[in-house]
Amino acid sequence: MNSSYNKLVQNLEYLKLKQMMIHLDETIDFMTNNELSFTDTLIKLTDYEIDMKEVNMVKSMVKVGAFPHLKEIKDFDFEFQLSINKQQILDFTTLRFIEQKENIVFLGTSGVGKTHLATSIGIAAAKKRTSTYFIKCHDLIMNLKKAKLENRLETRLKHYSKYRLLIIDEIGYLPIDAEDAKLFFQLIDMRYEQKSTILTTNASFKTWGEIFQDPKIANAILDRVLHHATVVNIVGDSYRLKNHFNKENQERREELI
């Protein structure tokens, strides 16, 4: 091979343009066979590098999101949960609600798919390079409480406020004392009409006063969350119980054979 080709390979290697190195020969062949211009050849070659950077960026955004699993909308069984409007959920994945700085609240008993749906929307956002973060309510409260004790509450609040989409999972599963409720309120207040938040809860809004152990704080939180929000009330059976019963029935059938 000529020295200019070797020099080009060395340059690409030095610049760490791995995809351009990998696809160099085929691009040169394509250029020769199709009489591509110098500019079109460079575009084709650099597209390989850009495509890989985009793939890596998406992977990075999903990883930063700290999702509990990588279940997406395509993995959700809408035929099992008939109370859910599939088209509404698909609309959420367009991220129109984020552009309008609106919230989503998934309300329903344990196991009906609230976390799956919230995570799926979060993954869709991360894949479109929208800063997204998932955290359970209890962990969020503990982190804010710890930050307050260490005199860095403002920094931690700003951290959670920076994400264009914040997913707070499992509100109502554990009680929150009045002082911690104030910390939660501060975060919700900072995000109010600025960023979008998805919340999942098993508790009706009427009981939030008991959950946060302060009716005034609870009302203030709800006022800001629900002002620009879509509430998805899921009425149905638990997926986990469904799988348990299916396994149990299968074992019974096997015993009868």
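Keep in mind it's a predicted model, so treat the numbers as computed, not measured.

Participant: Is there a simple way to explain the nonpolar core in this structure?
Facilitator: General note: in soluble globular proteins, nonpolar side chains tend to be found buried as a group. Phe184, Trp208, Phe212 and Ile221 are the most contacted members of the largest nonpolar core, which totals 32 residues. Listed by contribution, the elements that provide at least two residues to this core are strand 2 (132-136), helix 8 (137-149), helix 9 (153-161), strand 3 (165-171), helix 10 (178-191), helix 11 (208-211) and helix 12 (215-227). The residues touching Trp208, leaving out its near neighbours within four places in the chain, are Ile171, Thr201, Ala203, Ala218, Ile221 and Leu222. One finds Met61, Ile104, Ala126 and Ile167 within the second-largest nonpolar core, a separate group that totals 27 residues.

Participant: Help me out: how do you make sense of the sheet that holds strand 5 (residues 229-234) in this one?
Facilitator: Sheets are built from strands that pair by backbone hydrogen bonding, the pairs being arranged parallel or antiparallel. Strand order in the open sheet made by the five strands is 2-3-4-1-5, with parallel pairing throughout. At either end of the open sheet lies a strand with only one pairing partner, and these are strand 2 and strand 5. Across the sheet, the mean angle separating the axes of adjacent strands is 15° when strand polarity is ignored. Alignment of strand 3 against strand 4 (residues 196-201), held across five bridges, turns out to be parallel. Within the sheet, the bridge partner assigned to Ile171 lies in strand 4 and is Thr201.

Participant: What exactly am I supposed to notice about empty space enclosed by the protein here?
Facilitator: In this approach the atoms are scanned with a rolling probe the size of a water molecule, which exposes any empty space left behind. Applying the stated criterion to the full structure yields one cavity of 30 Å³ or more. If you trace the largest cavity, you find it lined by Lys101, Asn103, Ile188, Arg191, Tyr192, Glu193, Lys195, Thr197, Leu199, Arg224, Val225 and His228. Listing elements by their share of the lining of the largest cavity, those giving two or more residues are helix 10, strand 4 and helix 12.

Participant: Would you mind going over helix 10 with me for this structure?
Facilitator: In an α-helix, one turn spans 3.6 residues; hence positions three or four apart end up facing the same way. The end-to-end C-alpha separation of helix 10 is 20 Å, in line with the 20 Å expected for 14 residues at 1.5 Å each. Of all the positions in helix 10, only Asp180, Ala181, Leu183, Phe184, Phe185, Leu187, Ile188 and Arg191 are classed as buried. Structurally, helix 10 contributes buried residues whose contacts are with helix 8, helix 9, strand 3, strand 4 and helix 12. If you check the start of helix 10, you find a side-chain oxygen 3.1 Å away from the backbone N of Glu179, and it comes from Asp177. Positive backbone phi, at 60°, marks Glu193, one or two positions downstream of helix 10.

Calculation criteria
Residues numbered from 1 in each chain as written. Predicted model: local features only at pLDDT ≥ 70, side-chain atom pairs only at ≥ 80, totals over all residues. Heavy atoms only, no water. Core = buried A, V, L, I, M, F, W, Y, C linked by side-chain atoms within 4.5 Å. Buried < 20%, exposed > 50% of the residue type's maximum accessible area, 1.4 Å probe, protein only. Helix = DSSP H or I, 4+ residues; strand = E, 2+ residues; numbered from the N terminus. Contact = heavy atoms within 4.5 Å. Pairing = 2+ DSSP bridges. Axes fitted to C-alpha atoms, helices over the stretch in contact; angles between N-to-C directions. 1 Å grid on protein atoms, 1.4 Å probe; cavity = no way out; pocket = protein on both sides within 12 Å on 5 of 7 lines; lining within 4 Å. Points joined across faces, edges and corners; volume = space filled by probe spheres on them. Expected span 1.5 Å × (residues − 1). Polar contact = N/O pair within 3.5 Å; in protein donor to acceptor, adjacent residues only side chain to side chain.

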